[in-house]
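An overview of the molecular structure
Residues per chain, in single letters:
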Amino acid sequence: MQRAGKGRTPRRPKKPSNIEKDPVGVYCRIRPLGGEDEECCVEMISSSTIQLHAPDGLKANRNGEYKETQYCFKKVFGIKTTQIELFEDVAKTLIEDLIHCKNGLLFTYGVTGSGKTYTMTGSPGEGGLLPRSLDMLFNSIGPFQAKRFVFKPDEKNGIEVQNQLDALLERQKRDSQQSVPKTPSSRQRVDPEFTDMINPDQACKFEGVDEDCCYSVFVSYIEIYNNYIYDLLEDAPFDPIRPKPPQSKILREDQNHNMYVAGCTEVEVKSTEEAFDVFWKGQKKRRIANTELNRESSRSHSVFTVKLAQAPLDADGDHILQDKSQVNVSQLCLVDLAGSERTNRTRAEGSRLREAGNINQSLMTLRTCMEVLRENQMCGTNRMVPYRDSKVTHLFKNYFDGEGKVRMVVCVNPKAEDYEETLLVMRFAEMTQEVEVARPVDRPICGLTPGRRQRNQAFKDELSRRLEERGGPVNGDPVQLNQLIESLPPLPPCELSDPSDDQTLPRLMEVLERRYRIRQKMTEQFNQTANNMKFALQQFESQFSSKENVLHDQRSKLGEKDKVIANQRTEIERLEKKSKTLEYKIDILQKTTEMYEQDKRSLQQELESREQRLQKELAERRRMEQRMQGVVTDTKLKWERECERRVNAKQLELQNKLWVKDEKLKQLKAIVTENGGASGGPAEPPRKPERPSRERDRNVAQKRSASPTPLSTVPPVHPMHRRSHSAGGEKWVDHKPASNLDLDTVMQPIIPNAIKVSTPNEKALSKCHRYVLRHQELASDGEIETKLIKGNVFKTRGGGQAVEFTDIETLKQEDPTAPSRKRRSGSGEGPAQTDDIENRVSSNKCLSLLIFVL
Ligand code: ADP
Ligand code: MG
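Residues numbered from 1 in each chain as written. Chains lettered and ligands numbered in written order. Predicted model: local features only at pLDDT ≥ 70, side-chain atom pairs only at ≥ 80, totals over all residues. Heavy atoms only, no water.

In the annotation of an unreviewed UniProt entry, the entry for the protein reads Kinesin-like protein, and the organism field reads Poecilia mexicana. Regarding the protein, the relevant UniProt record gives this comment under Sequence similarities (unreviewed entry): "Belongs to the TRAFAC class myosin-kinesin ATPase superfamily. Kinesin family." (UniProt positions renumbered as here; feature names shortened; annotations may be inferred.)

The next thing to look at is the pattern of salt bridges. Under the counting rule described, the total for this entry stands at 29 salt bridges. A salt bridge links D442 to K102, with the nearest nitrogen and oxygen atoms 2.8 Å apart. One end of the pair, D442, is in the loop between β22 (436–438) and α13 (452–469); the other, K102, is in the loop between α3 (92–99) and β8 (104–109), with 340 residues separating them in the sequence. Its relative accessible area of 14% is what places K102 among the buried residues. Ionic pairing is found between R623 and E620, a salt bridge with its closest N-O pair at 2.8 Å. (Salt bridge = Lys/Arg side-chain N within 4 Å of Asp/Glu carboxyl O. Helix = DSSP H or I, 4+ residues; strand = E, 2+ residues; numbered from the N terminus. Buried < 20%, exposed > 50% of the residue type's maximum accessible area, 1.4 Å probe, protein only.)

Our next topic: the environment of A203. Locating A203 in the fold gives a position in the loop between α7 (192–195) and β13 (213–225). Along the sequence, A203 and I84 sit 119 residues apart, while their C-alpha atoms lie 9.3 Å from each other. Beyond its immediate chain neighbours, meaning those up to four positions away, A203 contacts D135 and N139. (Contact = heavy atoms within 4.5 Å.)

On the UniProt side, "binding site: ATP" (unreviewed entry) is annotated at positions that read G110, V111, T112, G113, S114, G115, K116 and T117 here. Topologically, G115 is positioned in the loop between β8 and α4 (116–120). Residue class for G115 comes out buried when judged on its relative accessible area of 15%. Discounting residues that sit within four places of it in the chain, G115 has contacts with R31 and C411.

Residues that lie three or four places apart on an α-helix share one face, since the helix turns once every 3.6 residues. Its 14 residues place the ends of helix α6 (residues 164–177) 20 Å apart at the C-alpha level, agreeing with the 20 Å of an ideal helix rising 1.5 Å per residue. Considered for burial, the residues of α6 that qualify are A167, R171 and R174. Buried positions in α6, seen along its axis, are confined to an arc of 65 degrees and lie on one side of it. Seen from the open side of α6, the exposed residues pointing more than 90 degrees away from its buried face are L169, K173, S176 and Q177. (Expected span 1.5 Å × (residues − 1). Arc of directions from axis to C-beta.)

In this structure, D231 sits in strand β14 (residues 228–231). It is K249 that comes nearest to the buried, bridge-free D231 among opposite-charge side chains, at 4.8 Å. Side-chain polar atoms of D231 contact the backbone nitrogen of L233, separated by 3.0 Å. Looking at D231, its side chain comes within polar contact range of the side chain of T265, at 2.6 Å. (Lys, Arg positive; Asp, Glu negative; His and termini not counted. Polar contact = N/O pair within 3.5 Å; in protein donor to acceptor, adjacent residues only side chain to side chain.)

By size, the foremost hydrophobic cluster in this structure holds 53 residues, and its most contacted members are I50, F73, L105, F396, F400 and M426. Looking at which element gives the most residues to this core, the answer is helix α12 (residues 419–432), with seven residues. Other than its neighbours up to four places away in sequence, L105 contacts L332, C333, V335, F396, Y399, F400, K405, V406 and R407. In terms of nonpolar packing, the next biggest core, distinct from the first, is built from 46 residues, I99, M120, C213 and Y215 among them. (Core = buried A, V, L, I, M, F, W, Y, C linked by side-chain atoms within 4.5 Å.)

A few words on the packing of α3 against helix α5 (residues 129–141). Between α3 and α5, the shortest axis-to-axis distance is 10 Å and the interhelical angle comes to 40 degrees. By the angle between their axes, α3 is oblique relative to α5. The crossing of α3 and α5 is right-handed. When α3 is examined against α5, the residues K92, I95, E96, L98 and I99 are found in contact with a partner set consisting of S133, M136, L137, S140 and I141. Per-class residue counts for the contact of α3 with α5 are six nonpolar, two polar and two charged. (Axes fitted to C-alpha atoms, helices over the stretch in contact; angles between N-to-C directions. Parallel < 35°, antiparallel > 145°, perpendicular 65-115°, else oblique. Left-handed = near helix turned anticlockwise from the far one by under 90°. Nonpolar A, V, L, I, M, F, W, Y, C, P; charged D, E, K, R; others polar.)

All right, on to the site of ligand 1 then. As a matter of local geometry, ligand 1 sits amid R29, R31, P32, V111, T112, G113, S114, G115, K116, T117 and Y118. Between ligand 1 and S114, the relevant distance is 3.3 Å, taken from an oxygen atom to a main-chain nitrogen or oxygen of the residue. Measuring from an oxygen atom of ligand 1, one finds a side-chain N or O atom of T117 at 2.6 Å. Surface burial for ligand 1 is 66%, taken as the share of its 550 Å² of free accessible area covered by protein chains. With three residues, α4 is the largest single contributor of residues to the shell around ligand 1. Split into classes, the residues belonging to the shell around ligand 1 amount to three nonpolar, five polar and three charged. (Near = heavy atom within 4 Å. Areas by Shrake-Rupley, 256 points an atom, 1.4 Å probe, with all protein chains shown as cover.)

Look at E155: it is not a glycine, yet its phi comes out positive at around 70 degrees. Structurally, the position occupied by E155 is in the loop between β11 (151–153) and β12 (158–161). With phi around 65 degrees, H257 is a residue other than glycine that occupies positive phi space.

Here the focus is the packing of aromatic side chains. Taken as a whole and assessed by the stated rule, the structure comprises eleven aromatic pairs. Taking the centre distance of 6.5 Å and the plane angle of 45 degrees together, the rings of Y228 and Y230 count as tilted. Judged by centre distance (5.3 Å) and plane angle (40 degrees), the rings of F276 and F279 are tilted. Here F276 and its partner F279 are both found in helix α8 (residues 272–292), three residues apart, which amounts to about one turn of the helix. Classification of F276 as buried rests on a relative accessible area of 0%. For F279, a relative accessible area of 1% puts it in the buried group. (Phe/Tyr/Trp six-rings, centres within 6.5 Å; stacked < 30°, edge-to-face > 60°.)

And the structure:
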């Protein structure tokens with residue numbers, strides 16, 4: 001036997017700093033005025049705001065001190081608001097939360113007569129929040145409720161889960177104790193006051209119920225009067241002779257630090273009607289106590305608690321999971337607070353005044369608690385909240401300290417007399433809205449597969465269908481039994497009135513024998529059927545075992561397949577690994593290939609650039625070759641020209657020499673002839689000697705530029721006018737053209753008594769007899785050559801001056817040790833200079849004659 005699981009109301013966790021919080025939801029409900037002529041001081045401005053006006057009398061009394069004041073709420077319900085509208089806005093989510101294992105607290109607050117009880121309980125046909133909440137709860141969890149006593153309160157605010165057998169035994173015990181079954185199965189059996197409480201059309205249902213859980217609802221009902229707690233559901237034997245005052249209850253803290261009323265009756269209810277019936281009994285008891293004890297009913301607080309225990313179904317979906325940790329308990333407290341008005345308003349006296357003072361005290365404490373809570377939350381202070389100062393606040397401490405959803409409906413009677421009290425109610429309500437309560441967290445769900453209940457139901461349906469098909473047992477059908485009895489021969493009347501009656505007994509015996517035979521026959525038939533059934537069962541069993549064998553086989557095959565699959569999986573893993581390594585290798589190879597290709601590309605580029613360079617070099621070489629060829633050709637041509645020039649110069653020189661000799665010879669001949677002629681006759685004009693190779697050399701002479709071309713024409717001067725050399729020494733015109741190389745350091749002839757000119761002019765020529773032209777040039781071998789072209793100055797017939805060139809003197813400087821080196825001729829630098837100088841003075845007479853006509 002499994003140990004019973006044990007559940008407790010959820011532990012209120014210690015508040016972590018990041019916990020989500022919601023403000024207390026405060027709603028306002030305005031009841032209609034009692035009479036048409038009553039003065040109204042409350043007006044609904046919007047769906048969330050109301051405005052209070054001071055009544056006329058009050059304004060006059062206080063000199064207009066009171067003004068219109070507005071108050072905001074989460075929602076304001078006007079006088080036309082129906083009970084169902086209010087329920088849908090205020091309590092519906094609390095029921096949904098309850099089903100989701102979250103706690104809730106809903107209370108009504110206001111002055112007496114403002115409609116608190118109407119709002120919470122309602123009236124016939126106008127059910128309030130309480131009956132509607134019960135109705136919605138049972139509409140939602142109805143089909144998923146656990147059997148009675150499966151969940152059991154443990155007297156310590158927890159709920160245990162019992163196994164099926166213990167629960168059954170308790171159910172039987174209860175049934176045997178009560179002659180009339182407690183559970184009302186229909187509405188007819190319920191207190192008529194509840195009959196029309198809720199219109200069936202207005203039934204609410206929550207669709208998000210976890211069908212794989214089993215639920216049980218427990219209700220308790222307490223009253224707090226004069227700071228004493230009374231259990232309204234307690235079954236105390238009533239003694240009409242000496243009525244005992246009811247025993248008050250105390251508050252305790254359970255192991256999860258939740259407050260609960262110790263020893264309070266918790267009744268397990270299975271329907272709305274049953275729950276309301278329980279509530280109604282409590283109400284009656286409350287009324288009786290009030291009357292008997294002469295209590296002011298509006299001065300008591302009533303707390304109706306709906307506790308919902310739930311636990312998941314096991315894996316089969318048939319029974320509740322016997323695991324205490326899986327039992328969840330949530331509760332919703334519906335509180336109808338005492339009237340909030342001040343004591344003097346009720347005009348109570350004596351002990352009732354004291355009691356009323358206490359009750360007032362509990363509402364005062366509630367107000368103080370809210371104030372401190374608000375201050376702590378808003379200012380971050382840590383003032384102690386005086387929950388313990390009153391039973392009401394102490395009982396609900398966990399809602400404000402721990403987690404849960406708190407909602408308050410502030411009831412307002414708009415009549416003018418209540419104005420001042422209503423003002424206080426409004427202020428309290430406004431302040432309460434600023435208090436925050438930790439939002440309840442979702443409970444963890446069990447790890448079983450969802451849909452267990454449905455599967456189990458489907459299985460059961462299928463089983464009964466199959467049994468029915470095979471003519472199996474139909475659950476103890478009494479109709480069939482009656483039919484069977486009726487099919488037997490009827491018993492004859494067996495009353496023996498006459499001792500000599502010998503017919504009745506034999507007739508009876510006959511009938512009984514017949515019945516016996518029929519019975520035997522039936523027994524035989526039954527035995528036969530039983531045998532058939534046995535046989536069928538055996539067959540079924542063998543089939544079953546064979547099926548089991550097959551199943552076993554299949555299982556083993558499945559196991560093998562599993563193994564194969566596992567092997568294949570490992571193989572796949574291996575192959576995957578291999579493929580990964582191969583991919584890695586491919587990757588590396590691809591990278592290597594890329595590198596090589598890059599190398600190849602760069603090498604190709606290098607090759608191309610080298611080829612281009614080679615091509616360029618080849619082109620350059622070809623160009624150089626061409627240039628060299630050009631240079632060679634040029635040099636060759638130059639040298640050829642040079643050689644030709646030199647040959648020509650040599651030829652000219654030789655010709656000049658020849659010509660000079662010829663001339664001398666001719667002059668000598670002329671002298672000889674003149675001498676002879678002076679004695680004999682006039683002398684013949686001297687004939688100009690003919691140059692032997694003139695015609696041949698004309699072309700060559702035209703090419704020459706260095707030496708002056710000798711003219712064949714006779715100068716237009718008379719030879720007789722030649723100045724005498726002896727008359728006072730020779731005077732020279734030293735013509736040094738400005739364009740000559742400035743080589744003053746080269747050996748220069750020193751001509752005394754000379755007029756130096758850069759351009760020959762008539763004046764200078766007229767003063768001199770001789771003329772010398774300096775011509776300097778670079779010789780072909782790189783040496784500097786100075787040529788002195790000399791001539792005689794003649795007066796022309798026209799009065800001008802003419803020069804006849806007679807001589808070319810060439811001065812050349814050479815270094816015997818380094819013939820190729822250019823040497824400078826320094827003036828007066830030792831004897832070497834004189835050694836180096838070779839004066840090759842050729843005193844040739846110039847053949848040509850230059851005429852200057854100035
Ligand atoms: P309380 O519990 O605050 O003292 P009750 O709920 O007993 O007040 O209401 C006093 C009377 O006012 C009751 O007769 C009730 O029927 C009536 N009443 C209160 N609120 C409404 C309402 N919203 N609509 C109609 N009647 C109301
Ligand atoms: Mg009331």
